[in-house]
Every structure is written in C-alpha cells, then in structure tokens.
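# Coordinate analysis (summary)
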Amino acid sequence: MSLRIVVTVKYVPDATGDRHFADDLTVDRDDVDGLLSELDEYAVEQALQIAEDADDAEVTVLTVGPEDAKDALRKALSMGADKAIHVEDDDLHGTDAIGTSLVLAKAIEKAGYDLVISGMASTDGTMGVVPALLAERLGVPQVTLLSEVSVEDGTVKGRRDGDAASEQLEASLPAVVSVTDQSGEARYPSFKGIMAAKKKPVESWDLSDLEIEAEEVGLEGAYTTVEAAAERPARTAGTIVKDEGEGGKQLAEFLASQKFI
Amino acid sequence: MAEVLVYVDHVDGAVRKPTLELLTLARRIGEPVAVALGSGAENTAATLAEHGAVKVLTHDASEYAEYLVVPKVDALQAAYEQVSPAAVLVPSSAEGKEIAARLALRIGSGIITDAVDLEAGDEGPVATQSVFAASFTTKSRVSKGTPVITVKPNSAAVEAAPAAGTVEALSVTFSEKATGTKVTGRTPRESTGRPELTEAAIVVSGGRGVGGAENFALIETLADSLGAAVGASRAAVDAGWYPHTNQVGQTGKSVSPQLYIATGISGAIQHRAGMQTSKTIVAINKDAEAPIFDLVDYGIVGDLFEVVPQLTEQIRARKG
C-alpha cells in the first residue's frame, strides 16, 4: 500500500529583508520578498528520503497562503515532491496559529495521509506550535522536534534532542512529525527537478472546499489580538575601541562599570 | 482574587528558574496555583510556596516519562477544569509550547508564545513579544477563551513572596491520545556544570572567528570566569566545533541574558534574531565592519586570541 506523506510548508517574508507590520497589525507581505521557510526545507528533505526508502510513496506539499505562496510549493516540487495543494482564500487574511491548524488539518484529511511532516517552526512567527496543534486536531500521535527520523512497517521512529535529555521516540502511523535543522541538509533543486516541477499538479482549494466558515479564520476568527506593534528604537551607538594591546583590560573595566564583575 | 495556573518545569523536584520567573509574573494578574507533574513533583512545593504559589497541585504517574507530551496536557487540562483560572502560564521551552498549544485548542482558547513581559490589562493579561529578529515589539492579548501564554526565560526577576503553598493531589485520567508516542529510550545530557543557555544571566558565544573546535576552550574559560553559559553561532556549529544544543540564532536558541559577549561572530541576521534582546551586548571581532558592532554597547576591534585571554585574566584578578 502506498505511503501518503503530506508536508506542510509556509511561505514567509525573507528574514534578510525589511519586515514590518501593515496598518491592521498583520505582517506586511507586500514590501518584502517571500520564500519557502528555511526550516520547512528540512521537512521536505526528510519526506523525500522516507519516500525513497519506501516501496511506494507519494509526497504532497501543502501550504495555506496568498497567491505568491505558490512559489514555496514550486520550490518543494522542484526538490522532488510529487504534487502540491494550495489553500488560498481572501478570508484567510490575518489567520492565527489556531486557525491555521484548522485549515491545515481539514486539508490534510481531505488529501488523505499516513504521515504529516512539518518543519520545527516557521522562520517568521517562530511559534513552533502548529505540529502539536495538528496532532491534537487529527487525533494522531505527535512525534516532534526530531533530529533523526525513519519509517518502517507502519511505525515512525526518531530522536528528539531536548535540553535535559535526548529521547528515542516511536509511534504508529498515521502520525504528525516535525523535524529540526539537524535532521539533514536539504537538497538543492536540480535543473531537471525545476523543469519537472512545472508539469506537476498544483491543486487550489478555498475555504468552501474544506467546509470552513469565513468567521472561523482570518482576523475575525483569530483567538489573539495584536494591540500594538512598535519598531524597536535603534540602539544608541556603543563604544567601539580598537585593541592596541589593552583591549581585554578596557573591556574588563567596562564590565566592572556595569557591575558584571 | 483570580487564580492563575502556572505549569512547573522541574527536574526530579528541582524547580527550574523560568518557572520562578513565571510565578513573579503570575502575581501581577492573580494568585498563582502551580501544577507540578512527574517524578519528584511533591518536592517542588517548598520552593514554589516561597515564590508565591498559594496552592501546588501535584501528580505523578509513569506515563509522564513513558510517553511524549500528551499525558502532561491531560493533567494540565484536569487542573484547568478544577481551578477555572483567569490565565494559564507555561515556560516557553520547546515542550512547554507544545503542551500549551494543545491545551489551548482543547479549551477553546487562544495562545501567545514567547512573551517577554506580562501585565494586567482591562481585557485580560497583555503580553509583550519581540518579533522579526527583535526589530519590533508587539503587545498582544488572547481575545477568546482563557489566555494561555508561554513566557521566555529571563522575562522577569525572580522574587521571593512566601505564600501558603498548600499541596493538593491532582486527579488525572489519561486520554486515549496520551499513550500515542512512546519514549523508548532516554539519554540524559551530560552536565557541563555551566548554566543552561536560555536561562543564563551571562552568555559568551563563539563564531567562525574562533577557528576550530579546540579553540572553544578559550571561550569556555572566559565563560567560566563569569559563571556564564557558552553559545555558538550557526557557522561554528555547522563546522562541527560546538554542539547544536548551544546554537544561538533563528534556527537555534533564542537568548536574552543580562550580558551577551559575542567573540568572532560577524552578526548575520540569523544570529541577531537569537540574541538581539540581550540587555547588554559586547563584541570582540577583528573586522571593524562586522554588523555585530551596530548592536553593541561595547565593542573591541581586535584579535580574540589576544583580547579574550587578557579579559579572562582581568576578570579572575578582579574576582580575586
């Protein structure tokens, strides 16, 4: 039987760009280029490796986002994913993590899955909660923050490196997995992959396809409200000293003046 | 006064510092009721009481060690149903955020993660967050359900505030989901004797300029002279010079110590994302043009192999 893998990916504003907020205090996506969240590339990579090791597997990449989010799907397809699903709807603007997990869960159920793989967090919101929310919504095990992952005979195994301990985990499929940036370098799309990606199917679904009401998502449906966003004041210029042989001493003086020593 | 649930992060009964900070923040919005789970949970009571817990709900069962995350969610939900709190606060560890998220979903509430401050507001607690690589500060609140908020380490000073700390056994029935993910093995991390990176008051980090794994001894020696944790940039970690658990940055840990000393680190955006909220920033780098110098309170343009040993020696001399 075929192993159906769904990889959730996010299209995020480039962190090296000048990110800021729009008037409604949502992330302004117009003024900065977007790209596939770097941490999701690791999820795509692990999905492809698991698929390569399986007799018969299919990798579907799924994203929720505006028109441009197709770029993130295209990147994942050019890496080697088989097909893509793009959930796009004007009513999604301003959706928070709880709402995003609802949309993703409904789309994953509609697509059909044995394994969901996500990155450990997005590089914009950096909450790191969506994989756990997906597991809760789908009612399947969460096997998260893995630095190593493998699937065999309907069981997913992995290693989770925490602060206090490194844990070996195991769960039966279906399951939700998230992987860290230690899970293995993501492959670069080959020219062949990029050409092939253009012919791969990208399905577009909107909220009605997922039987979600507009008020369940978007700014209106959000469970959290951003009341204010302020640019952090530029730091006042610090003291910069060229080392002429006394740099360590001068620094020690500074640390002492600040009561650190 | 409204009760506020505080999830306790502890190791065999030893309460970790971020939980004590949470108790301080919880007192701003109500009376802290602590929830301590797993082996040694009852032993946390004295420390929690000393820091303001009016009540400590404890529960131990083998499920907490044998299965991932969900047993703890079941228990926190049981505590939530028993207490009907005004808010639920959880430390912003990787596991803490997962527990908080699943609880929020179950109780129909919103979740805010990685708060760096918390105040009482007219419509419930208002959380301050630092976003976009700390270039923006936002104030947010949960607008539906009981606020579930995770708070980053070093967000408040720990204050003693003795309270009753009455210990009560929490009654927990595990859900079917609780046993879904087995923990089949556990290797405790070897203790370096240094403070945990995200909790440390001082962090000394090394980057590409350190030049090799063996040279990190220099960084460690400086850290030890200050009682600091050791961090590393992604470049140093990717080169295999220092463990990933010590990586500071967007794909590593985010730290917010009183003092951050960056040595041989240029200050790429990915690194800045993880340390920009540090109170005082110091950098040592050969390259006067390195972007890290835009952030510093004090910077030395110089060779770290000259400056760091001299600094360490000076610190030791001053500390006698």
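Residues numbered from 1 in each chain as written. Chains lettered and ligands numbered in written order. Predicted model: local features only at pLDDT ≥ 70, side-chain atom pairs only at ≥ 80, totals over all residues. Heavy atoms only, no water.

To keep things clear, this is the line we draw: UniProt positions are given in the numbering used here, feature names are shortened, and annotations may be inferred rather than shown by experiment.
An unreviewed UniProt entry annotates chain B as Electron transfer flavoprotein subunit alpha/FixB family protein of Streptomyces cynarae. You can read under Sequence similarities (unreviewed entry) in the UniProt record for chain B the words "Belongs to the ETF alpha-subunit/FixB family."

Per an unreviewed UniProt entry, the recorded name for chain A is Electron transfer flavoprotein subunit beta, and the organism is Streptomyces cynarae. UniProt, in its Subunit (unreviewed entry) section for chain A, records the words "Heterodimer of an alpha and a beta subunit." As recorded by UniProt, the Sequence similarities (unreviewed entry) comment attached to chain A reads in full: "Belongs to the ETF beta-subunit/FixA family."

### Here we look at the overall build of chain A
This is how the line gets drawn: Numbering of helices and strands starts at the N terminus; helices are DSSP runs of H or I of at least 4 residues and strands are runs of E of at least 2. Relative accessibility thresholds used throughout: buried, under 20% of the residue-type maximum; exposed, over 50%; partly exposed, between the two (1.4 Å probe, protein chains only). Note on contacts: a residue pair qualifies if any of its non-hydrogen atoms lie within 4.5 Å across the two residues. Only the protein chains shown count as covering a residue, and every accessible area follows the Shrake-Rupley method with a 1.4 Å probe. Under the convention used here, Asp and Glu are negative, Lys and Arg are positive, and both His and the chain ends fall outside the count. Here the site of a charge means atom NZ of a Lys, CZ of an Arg, CG of an Asp or CD of a Glu.
Helices and strands together make up the secondary structure of chain A, namely 7 helices and 13 strands. In chain A, buried positions account for 49% of the 261 residues. Once local pairs closer than 6 in sequence are excluded, the contacts in chain A between residues at least 24 apart make up 71%. A total accessible area of about 11,800 Å² is found for chain A, and carbon and sulfur atoms account for 45% of it. Looking at charge distribution, chain A has the averaged site of its 24 positive side-chain charges lying 5 Å from that of its 53 negative ones.

### Description of the pattern of salt bridges
Quick reminder of the rule: In what follows, salt bridge is the name for a side-chain nitrogen of Lys or Arg lying within 4 Å of a carboxyl oxygen of Asp or Glu.
All chains considered together, the criterion is met by 34 salt bridges over all chains. Lys70 of chain A is paired through a salt bridge with Glu67 of chain A; the nearest N and O atoms lie 3.8 Å apart. With relative accessibility at 24%, the residue Lys70 of chain A sits in the partly exposed group. On the basis of relative accessible area, Glu67 of chain A is assigned to the partly exposed category, the value being 45%. Within the structure, one salt-bridge network assembled from shared partners comprises Asp163 of chain A together with Asp9, Arg16, Glu196, Glu199 and Lys253 of chain B.

### Observations regarding the sheet that holds strand S13 (residues 202-206) of chain B
To be explicit about the condition: Here the rule is simple: two strands pair whenever DSSP picks up at least two bridges between them. Whenever a helix is involved, its axis is fitted only over the stretch in contact; in every case the axis is a line through C-alpha atoms, and angles between N-to-C directions fall within 0 to 180 degrees.
The sheet built from 6 strands is open, its strands ordered S13(A)-S17(B)-S16(B)-S15(B)-S13(B)-S14(B) with parallel pairing. One side of each edge strand has no neighbouring strand; the edge strands of this open sheet are strand S13 (239-242) of chain A together with strand S14 (229-232) of chain B. Along the sheet, successive strands turn relative to each other by an average axial angle of 15°, direction set aside. Relative to strand S16 (residues 280-285) of chain B, strand S15 (residues 259-263) of chain B runs parallel, the two sharing 5 bridges. The residue of S16 of chain B that forms the bridge with Ile261 of chain B is Val282 of chain B. Packing of helix H9 (residues 304-319) of chain B onto the sheet brings it into contact with S15, S16 and strand S17 (298-301) of chain B, and relative to S16 of chain B it is tilted by some 130°.

### A word on the UniProt feature "domain: Electron transfer flavoprotein alpha/beta-subunit N-terminal" (unreviewed entry) in chain B
When the UniProt feature table is mapped onto this chain, "domain: Electron transfer flavoprotein alpha/beta-subunit N-terminal" (unreviewed entry) is found at residues 4-183 of chain B. With 28% helix and 32% strand, residues 4-183 of chain B has its two end C-alpha atoms placed 31 Å apart.

### Some thoughts on the sheet that holds strand S12 (residues 182-188) of chain B
Across the sheet, 10 strands lie side by side as S11(A)-S5(A)-S4(A)-S1(A)-S6(A)-S10(A)-S7(A)-S8(A)-S9(A)-S12(B); this open sheet has mixed pairing. Pairing within the sheet leaves two strands with one partner each, and these edge strands are strand S11 (202-205) of chain A together with S12 of chain B. Mean inter-strand twist for the sheet, computed between neighbouring axes without regard to direction, equals 30°. Bridge analysis of strand S6 (residues 115-119) of chain A against strand S10 (residues 175-179) of chain A gives 5 bridges, and the strand direction is parallel. When the bridges of S10 of chain A are listed, Leu115 of chain A appears paired with Ala175 of chain A. Packed on one face of the sheet, helix H5 (residues 94-106) of chain B meets strand S7 (142-152) and strand S8 (155-161) of chain A and runs near 95° to S7 of chain A.

### Examining the pairing of strand S10 (residues 148-151) of chain B
Residue and element names in this part refer to chain B. Of the two faces of S10, the one lined by Val148 and Thr150 and the one lined by Ile149 and Val151 are each fully buried. Two elements, strand S6 (residues 87-91) and S10, share 4 bridges in a ladder whose sense is parallel. Considered in S10, the bridge of Pro91 is made with Val151. Bridge count between strand S7 (residues 111-119) and S10: 3 bridges; the pairing is parallel. Opposite Ile111, over in S10, you have Val148 as the bridge partner.

### Notes on H5 of chain B
In an α-helix, one full turn covers 3.6 residues, which means residues spaced three or four apart are oriented alike. Quick reminder of the rule: By this rule the span expected of a helix is its residue count minus one, scaled by 1.5 Å.
Taking 1.5 Å per residue as the helical rise, H5 of chain B with its 13 residues ought to reach 18 Å, and the 19 Å between its terminal C-alpha atoms agrees with that figure. Within the sequence span of H5 of chain B, burial applies to Gly96, Lys97, Glu98, Ile99, Ala100, Ala101, Arg102, Leu103, Ala104 and Leu105 of chain B.

### Considering a nonpolar patch on the surface
Going by this rule: Surface patches are drawn from residues lacking salt bridges whose relative accessible area is over 30%; two like charges belong together within 9 Å, two nonpolar side chains (Val, Leu, Ile, Met, Phe, Trp, Tyr) within 5 Å.
Taken together, the side chains of Phe191, Ile194 and Met195 of chain A present a nonpolar region at the surface, about 310 Å² in accessible area. Its place among the elements puts Ile194 of chain A in helix H5 (residues 191-197).

### Points about unusual backbone geometry
Put simply, Leu173 of chain A and Pro174 of chain A share a cis peptide bond, and its omega is 0°. Residue placement: Pro174 of chain A occurs in the loop between strand S9 (165-172) and S10. We note that Ser84 of chain B has phi near 50°; this positive angle belongs to a residue other than glycine. For Ser84 of chain B, the position within the fold is in the loop between helix H4 (70-83) and S6.

### As for the interface of chain B and chain A
The following threshold applies: Accessible area that two parts lose when put together, evaluated with a 1.4 Å probe and summed over both, is termed the buried area. Think of a polar contact as two N or O atoms within 3.5 Å of one another; within protein, one of them needs to be a possible hydrogen donor and the other a possible acceptor, and neighboring residues in sequence only count if both atoms come from side chains. Lys, Arg, Asp and Glu make up the charged group, whereas Ala, Val, Leu, Ile, Met, Phe, Trp, Tyr, Cys and Pro make up the nonpolar group; the residues left over, Gly among them, are polar.
With 85 residues of chain B at the contact, the number on the chain A side is 74 residues. Together chain B and chain A conceal approximately 7,100 Å² of surface at their shared face, both sides included; 56% is due to carbon and sulfur atoms. For the chain B face of the interface with chain A, the top three residues by lost area are Leu105, Phe132 and Tyr298 of chain B, together amounting to 11%. Where chain B touches chain A, the interface holds 9 salt bridges. Across the pair Lys253 of chain B and Asp163 of chain A runs a salt bridge, and its minimum N-O distance is 2.9 Å. Summed over the shared surface of chain B and chain A, the result is 47 residue pairs in polar contact (both at pLDDT 80 or more). Looking at the side of chain B that touches chain A, the element that brings in the most residues is H5 of chain B, giving 9 residues. The residue inventory of the side of chain B that touches chain A, partitioned by class, reads 34 nonpolar, 28 polar and 23 charged. Examined bridge by bridge, S13 of chain A and S17 of chain B share 4 bridges and lie parallel to one another. In the sheet register, Lys242 of chain A faces S17 of chain B, and the bridge partner there is Val301 of chain B.

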